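Structural overview for review
Here's the letter readout for the chains.
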4 protein chains.
Amino acid sequence: MLVVMQAHATEEQVRAICQKIESLGYRAHPMPGATRTAIGITGNQGEVEQGTLDDMPGVQEVIRVSKPYKLVSRDVKEENTVIRFPGTPATIGGRNLAIIAGPCAIESREQAFAVAERVARAGAQFFRGGAYKPRTSPYSFQGMGEAGLQIMAEIRERFGMKIITEAIDNESLELVEKYADVIQIGARNMQNFSLLKQAGRTKKPVMLKRGMSATLEEFFMAAEYIMSEGNYNVVLCERGVRTFADHTRNTLDLSIVPAVQRLSHLPIVVDPSHGTGKRNKVTPLSRAAVAVGADGLIVEVHNQPDKALSDGMQSLYPEQFAQLVGELRSIAGAIGRSLIPAPRSAATVAG
Amino acid sequence: MLVVMQAHATEEQVRAICQKIESLGYRAHPMPGATRTAIGITGNQGEVEQGTLDDMPGVQEVIRVSKPYKLVSRDVKEENTVIRFPGTPATIGGRNLAIIAGPCAIESREQAFAVAERVARAGAQFFRGGAYKPRTSPYSFQGMGEAGLQIMAEIRERFGMKIITEAIDNESLELVEKYADVIQIGARNMQNFSLLKQAGRTKKPVMLKRGMSATLEEFFMAAEYIMSEGNYNVVLCERGVRTFADHTRNTLDLSIVPAVQRLSHLPIVVDPSHGTGKRNKVTPLSRAAVAVGADGLIVEVHNQPDKALSDGMQSLYPEQFAQLVGELRSIAGAIGRSLIPAPRSAATVAG
Amino acid sequence: MLVVMQAHATEEQVRAICQKIESLGYRAHPMPGATRTAIGITGNQGEVEQGTLDDMPGVQEVIRVSKPYKLVSRDVKEENTVIRFPGTPATIGGRNLAIIAGPCAIESREQAFAVAERVARAGAQFFRGGAYKPRTSPYSFQGMGEAGLQIMAEIRERFGMKIITEAIDNESLELVEKYADVIQIGARNMQNFSLLKQAGRTKKPVMLKRGMSATLEEFFMAAEYIMSEGNYNVVLCERGVRTFADHTRNTLDLSIVPAVQRLSHLPIVVDPSHGTGKRNKVTPLSRAAVAVGADGLIVEVHNQPDKALSDGMQSLYPEQFAQLVGELRSIAGAIGRSLIPAPRSAATVAG
Amino acid sequence: MLVVMQAHATEEQVRAICQKIESLGYRAHPMPGATRTAIGITGNQGEVEQGTLDDMPGVQEVIRVSKPYKLVSRDVKEENTVIRFPGTPATIGGRNLAIIAGPCAIESREQAFAVAERVARAGAQFFRGGAYKPRTSPYSFQGMGEAGLQIMAEIRERFGMKIITEAIDNESLELVEKYADVIQIGARNMQNFSLLKQAGRTKKPVMLKRGMSATLEEFFMAAEYIMSEGNYNVVLCERGVRTFADHTRNTLDLSIVPAVQRLSHLPIVVDPSHGTGKRNKVTPLSRAAVAVGADGLIVEVHNQPDKALSDGMQSLYPEQFAQLVGELRSIAGAIGRSLIPAPRSAATVAG
């Protein structure tokens, strides 16, 4: 931490700050400047409560320097985290991009299988679908619950894709852990610390979506909550943030991808469906997400978007998705990444 | 809903939209204009899924008109909701302002009683204090839990103040319901729908804080979740939103107070402590909150802010709080509101 | 400035940074910490270009400490700036609040006089009205130009109010300086540095509106541009900032009032009309602005808002304004400020 | 426009609104719904002043439907605008991407030529460099003025690149028009309507940067100002918007690229240098900008970034830029776009 003194602070005031700092068990480093003095503090582990020094006489400002996250940081682990799924070539965080696709919500066995067949054939290694839906309105469709999870488990058997689905509270988390391969924590729960801790006690990888107005540091701290309970397999997911801009539902912040990769070893994927909220923006932003260096994509696909019970407006048609994957293959190649080849045929998939 | 057609949309495309609307069971009202046609839709109850019409040929834009909230709305209940606490003059939502004060967190019996004694004497009718703290860092103090709730229950006995404290998950909610008079749902949980529903099944009033980037409609919908389960005693709380501005921790949005009061019958209070994050801003913004018409204030007060385990930086000293209450009394009077007189003396309080 | 080194930075890298700093003519203050080293820099006057140190090996982050504004700061001038208008009791920045009112735009002599008569009688000391209107659309009414300025000069003669009006470029600035008492620089021009410098060369006070997404520091720097040319009579004006919130046109950020007053000697007034964009929010937010400690208010009033050529939606009716001024008088009294008494009668004004 | 009535509005109130609408010369289309009535308005050209209907009894809300921009819209011109530069293969808006590069500011003939030589060789067709710099601080380097323009004119002669540079007021605009090939209007002047109109009267193409908090509609309206004066060669430029996010200086909003392309025929380029403010983010975001479909890029390159007089922190080294262009070539190919081949050799360029 750094204490910046006012221009007209007296020597006595500077001394008082230094004594206070030392009394708290830290070291004070006064640095007299041309117009004012600044005092560095070392020895603190980030836990010094703000407010201790702010209102002492002569203080202009207190600036925090150390970052509060540890386990997510490259300071602790330099090499990238790669999450593997035994028995499959799928990874999240390696050279191959993770392609995750499926409907917003599991609506029926028929709908889910129809979508799954198409996205598997197009080259997705992961199937997404909501069984528990956090909806803005209590009067909207809230998901099929465990029945939806069972459908997804069948899809894994049938198509070989790994399953990602959201848990919204401790009850659903237990079931999601049981049925799915990756547990999703949604944007609205990014700071539901009780849920994060519980997710940290599971044995499955967790995909954590960025909150609607989360800074990079808050995003990291939410991941730190999960990791601090012993679960190190965390995937971050950018899904758009809230701004004044109204041409998309959220503003997709692709710059967080290189920012995460610089500071953390965790993989980061991008959700262009929620990130834009409009079907006609999903394809261009998916391309951009791969070009910026994301470790994967999570895309909503629906066989009949205009009959979807939720988010139909932002779901791709299966043929749009298939075409998109083809484009992503070229872009990935242009920047030294790759996609796992799609299975030869639907039959192969089915086998 | 209203469908705006493109300038060059054909009559056939307009007809197709109308047929689609009718096929969904609604009425279509085409309105040919100078440059384009718009089509009104009536008969819908707000549940029509967006995306059904957006991508049909010739459509420029689909605009939602009906508001999705019902129980929070003055359309359903015109007169103000006033929450009463039998056996005390305290109310939330009436002519008298609700004055809520206390430390950010309950740290010890001694600290809590010291603060309680001071805020009761200054005129607070409600005591706030966190037993379960949602902290950004997993390494920060997380609250005393049930022990903290027991201390607050003692404070109610001793000083006659009603208790407001936060629940962060279903487990803590059960305990908070048991010990407290008002259940607080924090900003980070404003869209933790599972928790909202559970709160809606309790018998205690709920104070719902606005999420960090919640629109008015989302704020209302969160309250609707609670009310839709049968609990109509909901208090809204503005506590600052996230913006680019960096001179305060959050940007306190006082304009939401008249906006809420125009559309909803629910009371709304303001939290200038979290709303600014800086002690020297709490007093001016508290005065402004009363002047704008808020139904109450929730203010952090600590007897030793520089030793506080959380949020010391934004806590008032007890004497600052006492002075503030005096000022608020005058301002309330200037706009036709009032404060319940403070008890005659600490002795009276203690009695 | 402060350079924070990476956790694994070598001593050699620290040394290289220090040498670089010294080579630029400053002093380096290395502070080894528990997990990393930070290096303080003194002797710089804020002009060190960022980027010099950021990419040197081992550097984690460079933090700026000194504030770049000087003339606006209380470091340079401790006592409040009070702008006086010889021959009148009106001031901006003193104990009395400056009450500024009038239509958004001067539309005709008749309209302007009708509004002026009402606001003068209600107690306004300053008359506002636009002769040059910065409109979002090139097809909207752009103002009467010099003819509008002449009408306002007549109003000054007739009603004794001082005139505030906006200049939008160097041409209009010359005319505004000639006719008006206070030159307004609008939010959209807050960083039109060419115009700011020109305004700094005039002899009239300048009211500078905060840009739609200006931080406090940028706001101060814009004022610094004016002051650096020799014009020290600058009034700041908060008029709402752009956020995601959609219940008002802008989000009025009242917390900037105490923030400005803490760091700067310049007066600050509030514009609740543009700050909310809705008539029914103007009165409550005006009350709040006075309660928070603003040095004045600038309010749009129109005799026939539904026929206004611009911003009719946010203009008060004259009788609403008169009632508002009465309320403000009480609130000002409650916090130790006051309003100049309104003239005895319209006749007196007219005299 | 659409007037939404309150749920309990009377038939009489509905009738009054309709009469008011007709009295203004428009047609009213009342649509009785299940819970409330909405009234469509046609015949208006977008000039109806808001506020006329908002406060009439029974009105809940007035919603604007028609878009106020015309000349920028695909409604007026369906095919893409392609800006050509006779005598060169360079275009903005065609299949080939426009690659624009150079230093933030022209600092000296030597510096400018050194950078120009490198970026020309790497494949830039346009050279950027500031002669008039809008700086936040009046104490920062403000640009070389006309001397800088002359250096750029020499660079055009020497390297065959077209020149883009910023005008900040009417005076500089005249000179920029004289020396440059494309006139840049900066983000801070996006709503300097006086300057926009003047730019609309020049004969040179104008590159208009998006304001820091401009919506898509405001961005279009600013372009409309230029076009309404007769200059149809407008290039839009996304350069990041202001949000709460603090890991980059601005938040680059790539989703505006497909949004612009859907509604307007104007070309749009992306500025990843200002859009991120950090050198290590420029390359990934440049790749993303091409992948999302931008019509070009404007990138800051400096031969000695750590000695740059402005924005050194975000400038690429020449070799980084050359490598970036190679990557862009592959990405462009993957989505059906292309880059003009770089000149064979520096000698060729020099010839």
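Residues numbered from 1 in each chain as written. Chains lettered and ligands numbered in written order. Predicted model: local features only at pLDDT ≥ 70, side-chain atom pairs only at ≥ 80, totals over all residues. Heavy atoms only, no water.

A word on the overall build of chain A
Counting its secondary structure elements, chain A contains 11 helices and 15 strands. With the C-alpha coordinates of chain A rotated into their principal frame, the extents come out at 80 × 45 × 40 Å. Evaluated residue by residue, chain A yields a buried proportion of 66% over its 351 residues. Once local pairs closer than 6 in sequence are excluded, the contacts in chain A between residues at least 24 apart make up 68%. Here chain A displays about 11700 Å² of accessible surface, and carbon together with sulfur accounts for 48% of that area. (Helix = DSSP H or I, 4+ residues; strand = E, 2+ residues; numbered from the N terminus. Buried < 20%, exposed > 50% of the residue type's maximum accessible area, 1.4 Å probe, protein only. Contact = heavy atoms within 4.5 Å. Areas by Shrake-Rupley, 256 points an atom, 1.4 Å probe, with all protein chains shown as cover.)

Quick word on the relation of the copies chain A and chain B
Both copies of the chain are related by one operation, a rotation about an axis with a shift along it. At an RMSD of 0.0 Å, chain A and chain B line up after a rotation of 180° and a shift of 0.0 Å along the axis. Overall, the copies show the geometry of a two-fold rotation axis. Closest to the rotation axis within chain A is the C-alpha of Ser 213 of chain A, separated from it by 3.1 Å. Counting the interface residues of chain A, we find that 100% of their copies in chain B are interface residues as well, pointing to one common contact surface. (Least-squares fit on C-alpha atoms with pLDDT ≥ 70 in both.)

Topic: the relation of the copies chain B and chain D
Between chain B and chain D, the superposition needs a rotation of 180° and an axial shift of 0.0 Å, giving an RMSD of 0.0 Å. When the interface residues of chain B are mapped onto chain D, 96% of them again fall at the interface, so both copies present the same face.

Comments concerning the sheet that holds strand β1 (residues 2–5) of chain A
Residues and elements named next belong to chain A. Across the sheet, which stays open at both edges, the four strands sit in the order β2-β3-β1-β4 with antiparallel pairing between neighbours. A single partner strand is all that each edge strand has here, and the edge strands are β2 (27–32) and β4 (59–63). On average, adjacent strands in this sheet sit at an angle of 20° to one another, irrespective of strand direction. (Pairing = 2+ DSSP bridges. Axes fitted to C-alpha atoms, helices over the stretch in contact; angles between N-to-C directions.)

A closer look at the packing of aromatic side chains
With the rule as written, the count across this model stands at 16 aromatic pairs over all chains. Taking 5.2 Å as the distance between ring centres and 75° as the angle between the ring planes, the aromatic pair formed by Phe 85 of chain A and Phe 126 of chain A counts as edge-to-face. One end of the pair, Phe 85 of chain A, is in the loop between β5 (83–84) and β6 (91–92); the other, Phe 126 of chain A, is in strand β8 (residues 126–128), and 41 residues separate them in sequence. Lying over the aromatic face of Phe 113 of chain C, Arg 109 of chain C brings its terminal NZ or CZ to 4.3 Å of the ring centre. Lying over the aromatic face of Phe 159 of chain D, Arg 158 of chain D brings its terminal NZ or CZ to 5.0 Å of the ring centre. (Phe/Tyr/Trp six-rings, centres within 6.5 Å; stacked < 30°, edge-to-face > 60°. Lys NZ or Arg CZ within 6 Å of the ring centre and 35° of its normal.)

A look at the pattern of salt bridges
Considering all chains together, one arrives at 50 salt bridges over all chains under this definition. For Glu 238 of chain B, the salt bridge goes to Arg 210 of chain B, with nearest N and O atoms at 2.8 Å. Placement of the pair is Glu 238 of chain B in strand β12 (residues 234–238) and Arg 210 of chain B in the loop between β11 (206–209) and α6 (216–227), with a sequence separation of 28 residues. We note that Glu 238 of chain B, like Arg 210 of chain B, is buried. Notably, a salt bridge pairs Asp 181 of chain C with Arg 156 of chain C, separated by 2.8 Å at the nearest N-O pair. Of this pair, Asp 181 of chain C sits in the loop between α4 (170–179) and β10 (182–185) while Arg 156 of chain C sits in helix α3 (residues 146–159), and the two are 25 residues apart along the sequence. A residue is classified by how much of its surface remains accessible, and Asp 181 of chain C, at 12% relative accessible area, is buried. Within the structure, one salt-bridge network assembled from shared partners comprises Arg 210, Glu 238 and Asp 253 of chain A. (Salt bridge = Lys/Arg side-chain N within 4 Å of Asp/Glu carboxyl O.)

Regarding the interface of chain A and chain B
Taken residue by residue, the interface counts 46 residues in chain A and 46 residues in chain B. Summed over both partners, the interface of chain A with chain B comes to about 3800 Å²; 46% of that surface belongs to carbon and sulfur atoms. At the junction of chain A with chain B, the criterion picks out two salt bridges. Where chain A meets chain B, there are 19 residue pairs in polar contact (both at pLDDT 80 or more). Sorting the residues of the side of chain A that touches chain B by element identifies α4 (170–179), α5 (193–200) and α6 (216–227) of chain A as the ones contributing at least two each. At four residues, α6 of chain A tops the list of elements feeding residues into the side of chain A that touches chain B. When the residues that make up the side of chain A that touches chain B are grouped by side-chain class, the tally is 14 nonpolar, 16 polar and 16 charged. (Buried area = accessible area lost by both parts, 1.4 Å probe. Polar contact = N/O pair within 3.5 Å; in protein donor to acceptor, adjacent residues only side chain to side chain. Nonpolar A, V, L, I, M, F, W, Y, C, P; charged D, E, K, R; others polar.)

Describing the side chain of Thr 165 of chain C
Residues and elements named next belong to chain C. Note on placement: Thr 165 falls in strand β9 (residues 162–166). Among the polar contacts made by the side chain of Thr 165, one reaches the main-chain carbonyl oxygen of Gly 129 at a distance of 2.6 Å. Sequence-distant contacts of Thr 165, that is, excluding residues within four places in its chain, are made with Gly 129, Gly 130, Ala 131, Leu 149, Met 152, Val 176, Ala 180, Val 182, Ile 183 and Gln 184.

Topic: α6 of chain A
All names here are of chain A. The end-to-end C-alpha distance of α6 is 16 Å, a good match for the 16 Å that 12 residues give at a rise of 1.5 Å each. Burial analysis of α6 places 11 of its 12 residues in the buried class, which makes it a mostly covered element. When we look at burial in α6, the residues that qualify are Leu 216, Glu 218, Phe 219, Phe 220, Met 221, Ala 222, Ala 223, Glu 224, Tyr 225, Ile 226 and Met 227. Of the surrounding elements, those touching the buried residues of α6 are α5, β11 (206–209), β12 (234–238) and α7 (256–263). (Expected span 1.5 Å × (residues − 1).)

Re α4 of chain C
All of the buried residues along α4 of chain C are Asn 170, Ser 172, Leu 173, Val 176 and Tyr 179 of chain C. Elements that come into contact with the buried residues of α4 of chain C comprise α3, β9, β10 and α5 (193–200) of chain C together with α4 (170–179) of chain D.

Let's talk about the pairing of β12 of chain A
All names here are of chain A. Of all five residues that make up β12, five are buried, and the element is covered over most of its length. A two-sided burial pattern is seen for β12, the buried positions comprising Val 234, Leu 236 and Glu 238 on one face and Val 235 and Cys 237 on the other. Handedness of the β11-α6-β12 crossover: right-handed. Two strands pair when backbone bridges link them, and β12 and strand β13 (residues 268–270) are joined in this way by three bridges, in the parallel orientation. Residue pairing in the sheet places Glu 238 in a bridge with Val 270 of β13. Taken together, β12, α7 and β13 form a β-α-β motif whose crossover is right-handed. (Right-handed = clockwise from strand over helix to strand, strands pointing away.)

What about the state of the cysteines?
Residues and elements named next belong to chain B. Throughout the structure, instances matching the rule amount to zero disulfides over all chains. Cys 104 takes part in no disulfide bond, and the closest cysteine sulfur to it belongs to Cys 237, at a distance of 13 Å. Cys 104 gets classed as buried once you look at its relative accessible area, which sits at 3%. (Disulfide = S-S within 2.5 Å.)

Observations concerning the packing of helix α2 (residues 109–122) of chain D against helix α3 (residues 146–159) of chain D
Residues and elements named next belong to chain D. Two numbers describe how α2 lies on α3: the axes approach to 10 Å, and their chain directions differ by 35°. Where α2 crosses over α3, the two elements pack in a sense that is right-handed. Here α2 contributes Arg 109, Ala 112, Phe 113, Ala 116, Glu 117 and Ala 120 to the contact with α3, which in turn contributes Ile 151, Glu 154, Ile 155, Arg 158 and Phe 159. Looking at side-chain class alone, the contact of α2 with α3 contains seven nonpolar, no polar and four charged residues. (Left-handed = near helix turned anticlockwise from the far one by under 90°.)

A look at the environment of Glu 110 of chain B
Residue and element names in this part refer to chain B. Within the fold, Glu 110 resides in helix α2 (residues 109–122). The class for Glu 110 is exposed, based on a relative accessible area of 67%. Sequence-wise, Glu 110 and Ser 338 are 228 residues apart; in three dimensions their C-alpha atoms are separated by 32 Å.

Details of the confidence of the model for chain A
On average, residues of chain A carry a pLDDT of 90, and 94% of them reach 70 or more. Both scores are available for the predicted complex, with the pTM at 0.88 and the ipTM at 0.86. (pLDDT = per-residue confidence, 0-100.)

Re the interface of chain B and chain D
Taken residue by residue, the interface counts 25 residues in chain B and 26 residues in chain D. Overall, the association of chain B and chain D removes approximately 2200 Å² of surface from exposure, summing both partners, and the carbon and sulfur fraction of that is 60%. Inspection of the region where chain B meets chain D yields zero salt bridges. Inspection of the chain B/chain D interface yields zero residue pairs in polar contact (both at pLDDT 80 or more). Elements with a contribution of two residues or more to the side of chain B that touches chain D: β1 (2–5), β2 (27–32), β3 (37–42) and β4 (59–63) of chain B. A class-by-class count of the residues in the side of chain B that touches chain D yields 10 nonpolar, nine polar and six charged.

Concerning the sheet that holds strand β1 (residues 2–5) of chain C
Residue and element names in this part refer to chain C. One open sheet accounts for four strands, arranged β2-β3-β1-β4; its pairing is antiparallel. With partners counted over all chains shown, the strands left at the sheet margins are β2 (27–32) and β4 (59–63), one partner each. Within the sheet, the average angular offset between the axes of one strand and its neighbour, ignoring direction, is 20°.

Things to note about the side chain of Ser 137 of chain C
Counting through the fold element by element, Ser 137 of chain C comes out in the loop between β8 (126–128) and α3. Ser 137 of chain C sits in the buried class, given a relative accessible area of 11%. Other than its neighbours up to four places away in sequence, Ser 137 of chain C contacts Gln 142 of chain C together with Met 221 and Tyr 225 of chain D.

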